[in-house]
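Geometric and topological summary
The residues making up each chain are set out below.
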Amino acid sequence: MMRPFPYPTGHAVPLFLAPMAGVSESPFRRLCRRHGADVVVTEFLSAEGIRREDQATLSKLHFSADERTIGVQIFGAEPAAMADAAALVTDVFQPEFIDINFGCPVKKVVKRNGGSGCLKDLGLVQDVIRAVVRATHLPVTCKIRSGWSEEMRDPVAIGLRCQDAGVRAIALHPRTRSQMYTGSARWEEIAALSQALEIPVIGNGDIKTAADAYRMWRQTGCAAVMIARGSYGQPWIFAQARALIEGTMRVPTPPVEERFAVALDHARMVQEYEVDPVGAALEFRKHLGWYVRGLPHSADLRKRLHQVNSFAEVEGIFADYLAAAGRGEHADAHSDAGDTVAEPAIAGVGDE
Ligand SMILES: Cc1cc2nc3c(=O)[nH]c(=O)nc-3n(C[C@H](O)[C@H](O)[C@H](O)COP(=O)(O)O)c2cc1C
């Protein structure tokens, strides 16, 4: 018998917005919750930074009530530091759960054995988990890759060790650290882990469309589905996936006006949240690029959006584009803005 999720999930098969450094920040998490994500997770935060009360790190811990159910993800290879960080997060921020990152492949993290670096030493993985479990009354979960390298690839063994040490749910991105983002996520490993564990397994990796989310759930028997890059510029992917899983009416991809409205909604939330308006606008350019991907004449549009220095400019650029479309100037171009799901950026990721 599978144990239940240790936090409220809204649905029997919950949909998760994955932790993503520089992307799954408070405004985007709120947006995805509104569009059907059941559970969100913060980007990974350094246990050392939290423990030292580093202001930049602590600022990333703030979230609003409408983001719940939310997990705070921490990383580090020092059990005592991880325990201190978990205790502080529990006392001050009170999320629904604490998630431990054992998946991050980037050099600066793994060289100190953080993230997927821990996967080289499953004894260390267990020490970290036990220390965190002791330090908080909140449920503790973790996110793993399939192993450090092909030779050490064994997600079931890793998952069993994590379960034994006390995690209450586990997300698997079935690639090894060595693979970074190359090759494909091996969904059959999600199926094997789901079979082997008593705790819920959250499947993750290479979901580009709502149909992929549905397929992962059907093929692997995972308890939940987690989407990272597939949410770029299309937060409605969650509502679309929900409809497929529940077998209710299909949710169409919004037409261009509505896409722009969602982007502006997102921009407004960023403005409310960020203290530095220019910095926030520059940071937001990547999201703008994602929102317009696949639209007719999107290369021009993207070029203009990639030069914005303020949110006020965005509205004007969108209005110009819609006016040109209204005059029929985009009619010659192929459009996939109608009801297909735009291809998200799946390559060229920098961080985990
Ligand atoms: C820009 C970016 C940042 C990421 N940051 C994190 C992170 O902070 N913590 C984490 O556990 N995984 C992180 N990941 C990994 C994702 O959560 C996910 O496991 C991976 O992208 C595979 O899922 P996908 O194919 O749906 O993108 C990151 C991925 C990307 C693309």
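Computed from a prediction, not measured in an experiment: that's the story for all the values here.

Before going further, it helps to spend a moment on the overall build of the protein. The number of helices and strands found in the protein is 14 helices and nine strands. The globule rule puts the C-alpha radius of gyration for 352 residues at 20 Å, and the 20 Å found for the protein is close to it. Going through the 352 residues of the protein one by one, you find that 51% of them count as buried. Pairs at least 24 residues apart make up 69% of the contacts formed inside the protein by residues separated by at least 6 positions.

Across the six residues of strand β4 (residues 70–75), six count as buried, placing the element largely inside the fold. Both faces of β4 are covered, namely the face carrying Ile70, Val72 and Ile74 and the face carrying Gly71, Gln73 and Phe75. Pairing analysis gives two bridges linking strand β2 (residues 39–41) to β4, with the strands arranged parallel. When the sheet's bridge partners are listed, Val40 is paired in β4 with Ile70. For strand β3 (residues 45–46) and β4, the ladder comprises two bridges, and the chain directions are parallel. Following the sheet pairing, Leu45 is matched in β4 by Ile74. For β4 and strand β5 (residues 97–102), the ladder comprises four bridges, and the chain directions are parallel. Note that in β5 the partner of Ile74 across the bridge is Ile100.

Let us now look at the domain arrangement of the protein. As assigned here, the protein comprises domain 1 (15–246) and domain 2 (256–326). Put simply, the middle of domain 1 and the middle of domain 2, counted by C-alpha atoms, are 29 Å apart. Per-class residue counts for the side of domain 1 that touches domain 2 are five nonpolar, two polar and one charged.

Here we take up the nonpolar core. Core analysis: the biggest nonpolar cluster contains 84 residues, and Phe16, Ile74, Ile129, Val132, Ile170 and Val225 have the highest contact counts within it. Per-element tally for this core: the top contributor is helix α6 (residues 122–135), with seven residues. Sequence-distant contacts of Val225, defined by excluding residues within four places in its chain, comprise Leu15, Phe16, Gly203, Ile207, Ala213, Met216, Trp217 and Ala241. Counting residues in each nonpolar core, the second largest holds 17 residues, with Ala263, Tyr291, Val292 and Leu305 among its members.

Attention shifts here to the packing of helix α9 (residues 210–220) against helix α10 (residues 237–246). Relative to each other, α9 and α10 sit at 45°, their axes nearing to 8 Å. As far as their axial angle goes, α10 and α9 are oblique. Taken as a pair, α9 and α10 cross one another with a handedness that is right-handed. Contacts between α9 and α10 involve Ala210, Ala211, Ala213, Tyr214 and Trp217 from the first element and Ile237, Gln240, Ala241, Leu244 and Ile245 from the second.

Let us now look at the packing of helix α12 (residues 277–292) against helix α13 (residues 298–305). Interaxial distance between α12 and α13 falls to 9 Å at its minimum, and their mutual angle equals 165°. With respect to α13, the axis of α12 lies roughly antiparallel. Along this stretch, α12 crosses α13, giving a crossing that reads as right-handed. For the pair α12 and α13, contact is made by Arg285, Leu288, Gly289 and Val292 and by Ser298, Leu301, Arg302 and Leu305, respectively.

Turning to α10, a few remarks are in order. When we look at burial in α10, the residues that qualify are Ile237, Phe238, Gln240, Ala241 and Arg242. Its buried side turned inward, α10 meets β1 (15–17), α1 (26–34), α9 and β9 (224–227). Positive phi shows up at Gly247, right after α10, with a value of about 70°.

Moving on, we come to unusual backbone geometry. The peptide bond linking Arg68 to Thr69 adopts the cis configuration, its omega dihedral lying at 15°. Along the chain, the position of Thr69 falls in the loop between α3 (55–59) and β4. Even without glycine at this site, Glu53 takes up a positive phi of about 55°. Overall, Glu53 belongs to the exposed group, with 10 C-beta atoms counted inside 10 Å. You will see that Gln94, though not glycine, has its phi angle at about 50°, which is positive. Relative to the elements of secondary structure, Gln94 occurs in the loop between α4 (79–93) and β5.

The subject of this paragraph is α1. Counting buried positions along α1 gives eight out of nine residues, so the element sits mostly inside the fold. Inspection of α1 places Ser26, Pro27, Phe28, Arg29, Arg30, Leu31, Cys32 and Arg33 among the buried residues, and these make up the whole buried set. If you follow the buried residues of α1, they end up packed against β1, β2, α10 and α11 (256–273).

So, on to the environment of Ala319. Along the chain, Ala319 turns up in helix α14 (residues 311–326). Between the C-alpha atoms of Ala319 and Arg52, which are 267 residues apart in sequence, the distance is 46 Å.

Calculation rules
- Residues numbered from 1 in each chain as written.
- Predicted model: local features only at pLDDT ≥ 70, side-chain atom pairs only at ≥ 80, totals over all residues.
- Helix = DSSP H or I, 4+ residues; strand = E, 2+ residues; numbered from the N terminus.
- Rg over C-alpha atoms; globule rule 2.2 N^0.38 Å.
- Buried ≥ 20, exposed ≤ 12 C-beta atoms within 10 Å, placed from the backbone.
- Contact = placed C-beta atoms within 7 Å.
- Pairing = 2+ DSSP bridges.
- Domains from an automatic or database assignment.
- Nonpolar A, V, L, I, M, F, W, Y, C, P; charged D, E, K, R; others polar.
- Core = buried A, V, L, I, M, F, W, Y, C linked by C-beta atoms within 7 Å.
- Axes fitted to C-alpha atoms, helices over the stretch in contact; angles between N-to-C directions.
- Parallel < 35°, antiparallel > 145°, perpendicular 65-115°, else oblique.
- Left-handed = near helix turned anticlockwise from the far one by under 90°.

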